[in-house]
Amino acid sequence: MTDAYTGFSRVYDRIMAHVGYEQWADYVEELLARHGARPRHVLDLACGTGSSSLPFARRGYRVTGVDLSPPMLAIAREKAAAAGLEADFRQGDMRDLAVVFGDAPASFDLVICLYDSINYILDHGDLTAVFRGVERLLAPGGLFIFDVNSAHRLSTSPDTTTLFEEEDLALVWENTYDRDRRIWQVTLTGFLRGEDGRWERFREVHRERAYTEEEMAAALAAAGLGARGVYGAFGTGPPAPDTPRIYYVVGRES
């Protein structure tokens, strides 16, 4: 068993090729306009291979990305260099952003955390720690925009096994949901063929927690933050009971 986003990092962008990262950035900018914000310095938490960060760099924002996985960050740096884009990618745990940034003053007028990365925080105390770290780094008037897989979506996800195959790749994706703990688990078993023709196996487990809106509000409040808006993904209205993805626009309480 390897750490999450180690072996998977080598094929992540291929598996996620369908994701509309530019459309994500469009939507974030739509939310910013709705809340009257015009940020210039963006912090992308759980930035992965940089696909969520680089659209902002292309649009002229100053971008810093943080991720726990060194292999994912290595790919992000390669992609930025190949595209001729400036981005500062740093390795670190978003549960302890003080380690990543030290005593640097609050300078980010926008913090983002996209594609249900917040759901990867499985403990309520850790969730509050993430939010406290964000509060510390937000510049005055700054906003924090993140999305989550809704409790409805995770709790209704069927237990399934999916096979993804290409000439040099086989990936088995197994979904399960623990209703007592409200944990959605994905077990990835992959086989990659190298240039020498030999196959390499990896196995990773990914877990996401289903949080209610009440739990999210409590964790934000404990960090001195509050929601300025809560939206069903890619719209401007509140989430419905069966909304699969929810976006939060958050700022300091005072």
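The text that follows walks through the structure, step by step, so that each part is easy to find. (Residues numbered from 1 in each chain as written. Predicted model: local features only at pLDDT ≥ 70, side-chain atom pairs only at ≥ 80, totals over all residues. Heavy atoms only, no water.)

Topic: helix α8 (residues 213-222)
And then number 1: Taken together, the buried positions of α8 are occupied by Glu215, Met216, Ala219 and Leu220. Considered in projection along α8, the buried side chains sweep an arc of 135° and stay on one side of the axis.
And then number 2: Against α6 (124-137), β5 (138-149), β10 (225-232) and β11 (245-252) lie the buried residues of α8.
And then number 3: Just past α8, the residue Gly224 takes up positive phi, approximately 80°. (Buried < 20%, exposed > 50% of the residue type's maximum accessible area, 1.4 Å probe, protein only. Helix = DSSP H or I, 4+ residues; strand = E, 2+ residues; numbered from the N terminus. Arc of directions from axis to C-beta. Contact = heavy atoms within 4.5 Å.)

Some details on the packing of α6 against α8
And then number 1: The interhelical angle for the contact between α6 and α8, taken along N-to-C directions, is 50°, at an axis separation of 8 Å. As judged from the angle between their axes, α6 and α8 are oblique. Between α6 and α8 the crossing geometry is right-handed. Counting all contacts with α6, which are made through His124, Leu127, Thr128, Phe131 and Arg132, the residues of α8 involved are Glu215, Met216, Ala219, Leu220 and Ala222.
And then number 2: The class makeup of the residues in the contact of α6 with α8 is six nonpolar, two polar and two charged. (Axes fitted to C-alpha atoms, helices over the stretch in contact; angles between N-to-C directions. Parallel < 35°, antiparallel > 145°, perpendicular 65-115°, else oblique. Left-handed = near helix turned anticlockwise from the far one by under 90°. Nonpolar A, V, L, I, M, F, W, Y, C, P; charged D, E, K, R; others polar.)

Some points on the sheet that holds strand β6 (residues 161-166)
And then number 1: Pairing in this open sheet of four strands is antiparallel, and the strands run β6-β7-β8-β9 from one edge to the other. Every other strand in the sheet has two partners, leaving β6 and β9 (199-209) as the edge strands with one partner each. Pairs of neighbouring strands in the sheet enclose a mean axial angle of 15°, with direction left out of account.
And then number 2: Looking at chain direction, strand β8 (residues 183-193) and β9 are connected through eleven bridges and run antiparallel. By the bridge assignment, Leu192 is partnered in β9 with Glu200. (Pairing = 2+ DSSP bridges.)

Brief notes about helix α2 (residues 21-34)
And then number 1: With 14 residues, α2 should cover 20 Å at 1.5 Å per step; its first-to-last C-alpha distance of 20 Å lies within 8% of that length.
And then number 2: Listed in full, the buried residues belonging to α2 are Tyr21, Trp24, Ala25, Tyr27, Val28, Leu31 and Leu32. End-on, the buried residues of α2 take up no more than an arc of 160°, which puts them together on one face.
And then number 3: With its phi angle positive at about 70°, Gly36 sits one or two positions after the end of α2. (Expected span 1.5 Å × (residues − 1).)

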